[in-house]
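# A structural walkthrough
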Amino acid sequence: MLNIAVKAARRAGALINRALLEGGLDIRAKNRNDFVTQVDRAAEQAIIDVIRRAYPEHSFVAEESGASAGARPEFQWVIDPLDGTTNFIHGFPQYCVSIALEHKAVLSQAVVYDPAKNELFTASRGRGAYLDDRRMRVSKCAQLADALVGTGFPFKELARIDLYMRQLRTLMGACAGVRRAGAAALDLAYVAAG
């Protein structure tokens, strides 16, 4: 199943890269500061098509098209075809394809593919996590003062921005640095890679 997820992620990544080169994005706002492009939709459809060919009875939860039930709902694919769409729109190369498989509500497979850097993060329950073909290990950093911290902030709803800024100020004084890159799945993959 992991191989199919990798194939689907790479197919979506190829669409994303091609669209970036061709330009002419059709950008629409789903909500305030929350965008979708034709690339998000095309990448999502490519992922679903690849997986459905291999597993036609599985279910899906996808960012753009929502949920679709299959004859075997114990297998559910969770898809974000372009995590970091705002970055993508602005040409900031920090975005990825994110695909996971839940079996009986337990995460069993995961793929995060960065098409800009051609980096592939994979994980299988009980078998570890990899960046390309190298086993990943989390950092051995044990002190917050020595840590580089990755974070995210809400971008749709800003009613509590003052609270977030106070927390950020405190954290910045306590660690080696803070990064907010704008693609949560890729941020988490980097944490897993140390």
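Whatever comes next refers back to the structure up there.
Predicted, not measured: the structure shown is a model, and the values here were computed from it.

### Points about the overall build of the protein chain
Each helix and strand in the protein chain was counted, giving five helices and twelve strands. Over its C-alpha atoms the protein chain spans a radius of gyration of 18 Å, differing by no more than 12% from the 16 Å that the globule rule assigns to 194 residues. Judged by the C-alpha coordinates and their principal axes, the protein chain covers about 50 × 40 × 30 Å. Burial statistics for the protein chain: of 194 residues in total, 37% are counted as buried. Restricting the contact set of the protein chain to residue pairs at least 6 apart, pairs at least 24 apart contribute 54%. Here the protein chain displays about 11100 Å² of accessible surface, and carbon together with sulfur accounts for 53% of that area. Each charge class in the protein chain was averaged separately, 25 positive and 21 negative side chains, and the resulting centres sit 4 Å apart.

### A closer look at the sheet that holds strand β10 (residues 134-135)
Sheet strands pair by backbone hydrogen bonding; their relative direction is either parallel or antiparallel. Pairing in this open sheet of eight strands is mixed, and the strands run β4-β3-β5-β6-β7-β8-β9-β10 from one edge to the other. Strands with a single pairing partner mark the edges of an open sheet, and in this sheet they are β4 (66-68) and β10. Examined bridge by bridge, strand β6 (residues 96-103) and strand β7 (residues 106-114) share seven bridges and lie antiparallel to one another. Within the sheet, the bridge partner assigned to A100 lies in β7 and is A110. Its contacts with the sheet put helix α5 (residues 184-192) on β5 (72-83), β6, β7 and β8 (119-124), and the angle it makes with β7 is roughly 100°.

### Considering the pairing of β8
Consecutive side chains along a regular strand alternate between the two faces of the sheet. Pairing geometry for β7 and β8, over six bridges, is antiparallel. Within β8, the residue paired with V112 across the bridge is F121. The hairpin turn running from β7 into β8, its antiparallel successor, is four residues long, and N118 in that turn takes a positive phi close to 55°. Looking at chain direction, β8 and strand β9 (residues 128-131) are connected through four bridges and run antiparallel. Following the sheet pairing, A123 is matched in β9 by A129. The hairpin turn running from β8 into β9, its antiparallel successor, is three residues long, and G126 in that turn takes a positive phi close to 80°.

### Section: the pattern of salt bridges
Applying the stated criterion across every chain yields a total of two salt bridges. When the shortest N-O distance is used, the salt bridge between E74 and R72 registers 3.0 Å. Given a relative accessible area of 25%, E74 falls into the partly exposed group. In this structure, K117 engages D114 in a salt bridge whose closest nitrogen and oxygen atoms are separated by 2.9 Å. Overall, K117 belongs to the partly exposed group, its relative accessible area being 40%.

### Remarks on the nonpolar core
One finds I16, I47, I51, V97 and I99 to be the most contacted residues of the largest nonpolar core, which totals 29 residues. If you list the elements that add at least two residues to this core, you get α1 (2-22), α2 (38-54), β3 (58-62), β5, β6 and β7. Per-element tally for this core: the top contributor is α1, with nine residues. Aside from chain neighbours lying at most four places away, what touches I51 is I4, A8, F60, W77 and I99.

Conventions we followed
Residues numbered from 1 in each chain as written. Predicted model: local features only at pLDDT ≥ 70, side-chain atom pairs only at ≥ 80, totals over all residues. Heavy atoms only, no water. Helix = DSSP H or I, 4+ residues; strand = E, 2+ residues; numbered from the N terminus. Rg over C-alpha atoms; globule rule 2.2 N^0.38 Å. Buried < 20%, exposed > 50% of the residue type's maximum accessible area, 1.4 Å probe, protein only. Contact = heavy atoms within 4.5 Å. Areas by Shrake-Rupley, 256 points an atom, 1.4 Å probe, with all protein chains shown as cover. Lys, Arg positive; Asp, Glu negative; His and termini not counted. Charge placed at Lys NZ, Arg CZ, Asp CG, Glu CD. Pairing = 2+ DSSP bridges. Axes fitted to C-alpha atoms, helices over the stretch in contact; angles between N-to-C directions. Salt bridge = Lys/Arg side-chain N within 4 Å of Asp/Glu carboxyl O. Core = buried A, V, L, I, M, F, W, Y, C linked by side-chain atoms within 4.5 Å.

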